[in-house]
Amino acid sequence: RDIVDVLDHVLAGERVVRFGKKEDAETTGARIITTLPFFAYLKIAEGCSNRCSYCAIPAIRGPYRSVPMVLEEAHWLAEHHVTELVVIAQDTTRYGCDLYGKCRLPELLRELCHIDGIRWVRVLYSYPERITEELLDVMAEEPHMVPYLDMPIQHCDGAILRRMNRPGNEAYLRNLIAHIRERVPDVTLRTTIITGFPGETKEQFNRLGDFLHDMEFDRMGCFAYSEEEGTAA
């Protein structure tokens, strides 16, 4: 509720590193729900440490920082009649690595699924290399988990992915997608693709098209490469 005041200070030249609010019973955990009243985004981390060569987010937002005590906010949202939580971060599957020394997204999702009043838990921005058996177990076993994976692969060609500073290759992605569909048969898969990345050949572009035809993603966002100032790409 103080965002205008904060912005005024920033525009006046102050650098706000951390902005605190009064910690009392009326304000702790409070937030304005700007979505439709039945669902809300639950941000579980800030920043990103993946350093993809085309992306300026680490330079803008800093390294990945998991948000502790996110369950408190989730309970508050449930008490205010939110029935669907949409779990977001630049890389949700990295959650907890900086706090606990291991990725804790599966444990977090199970906790969220057991909050009274929450009927659906949806997770976005799951990086392929960190989609674990534990995460698929949660999706297959928890009735409140929406069988939906938003998995931004960006490309399938191994050489392009290496230049993007991303792991994996076409064979890895084909095996992963087949395994996900085997473990969670009714899953809906969404992905994101970048075309025209520096150095991409016609052959690599066509290989990507064939791959997408074979994979039959349910939803896809496709973007032409755009230069971001200060990035390696």
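Calculation criteria
- Residues numbered from 1 in each chain as written.
- Predicted model: local features only at pLDDT ≥ 70, side-chain atom pairs only at ≥ 80, totals over all residues.
- Heavy atoms only, no water.
- Axes fitted to C-alpha atoms, helices over the stretch in contact; angles between N-to-C directions.
- Helix = DSSP H or I, 4+ residues; strand = E, 2+ residues; numbered from the N terminus.
- Left-handed = near helix turned anticlockwise from the far one by under 90°.
- Contact = heavy atoms within 4.5 Å.
- Nonpolar A, V, L, I, M, F, W, Y, C, P; charged D, E, K, R; others polar.
- Core = buried A, V, L, I, M, F, W, Y, C linked by side-chain atoms within 4.5 Å.
- Buried < 20%, exposed > 50% of the residue type's maximum accessible area, 1.4 Å probe, protein only.
- Pairing = 2+ DSSP bridges.
- Expected span 1.5 Å × (residues − 1).
- Arc of directions from axis to C-beta.
- Polar contact = N/O pair within 3.5 Å; in protein donor to acceptor, adjacent residues only side chain to side chain.

A. The arrangement of the packing of helix H6 (residues 133–141) against helix H8 (residues 170–183) in detail. Where H6 contacts H8, the axes come no closer than 10 Å and their chain directions differ by 35°. Every pair of crossing elements has a handedness; the one defined by H6 and H8 is right-handed. Side by side, H6 and H8 meet where Glu-133, Leu-136, Asp-137 and Ala-140 of the first sit next to His-179, Ile-180 and Arg-183 of the second. In the contact of H6 with H8, the residues fall into three nonpolar, one polar and three charged.

B. Highlighting the nonpolar core. Counting 47 residues, the largest nonpolar core has Ile-44, Leu-109, Leu-112, Ile-180, Phe-211 and Phe-217 as its most contacted members. With nine residues, the next largest nonpolar core counts Cys-52, Tyr-127, Leu-161 and Met-164 among its residues.

C. Examining the sheet that holds strand E5 (residues 120–123) more closely. Strands sit in the order E1-E4-E5-E6-E7-E8 across an open sheet of six strands; the sheet is parallel. Each end of this open sheet is capped by a strand with a single partner; those strands are strand E1 (39–43) and strand E8 (219–224). Pairs of neighbouring strands in the sheet enclose a mean axial angle of 15°, with direction left out of account. Sheet topology note: the E1/strand E4 (residues 84–88) ladder contains five bridges and is parallel. In the sheet register, Ala-40 faces E4, and the bridge partner there is Leu-85. The strands touched by helix H9 (residues 202–215) are strand E7 (188–195) and E8; relative to E7, the strand with the most contacts, the crossing angle is about 170°.

D. Representation of H8 within the structure. When the terminal C-alpha atoms of H8 are compared, their 20 Å separation across 14 residues agrees well with the 20 Å that a helix rising 1.5 Å per residue should span. Along H8, the positions that sit buried rather than exposed are Glu-170, Leu-173, Leu-176, Ile-177 and Ile-180. Around the axis of H8, the buried residues are gathered within 130° of arc, so they sit on the same side. Residues of H8 that are exposed and point over 90 degrees away from its buried face: Asn-175 and Glu-182. Residues of H8 that are buried make contact with H6, strand E6 (145–150), E7 and H9. If you check the start of H8, you find a side-chain oxygen 3.2 Å away from the backbone N of Ala-171, and it comes from Asn-169.

Just distances and angles here, no functional claims.
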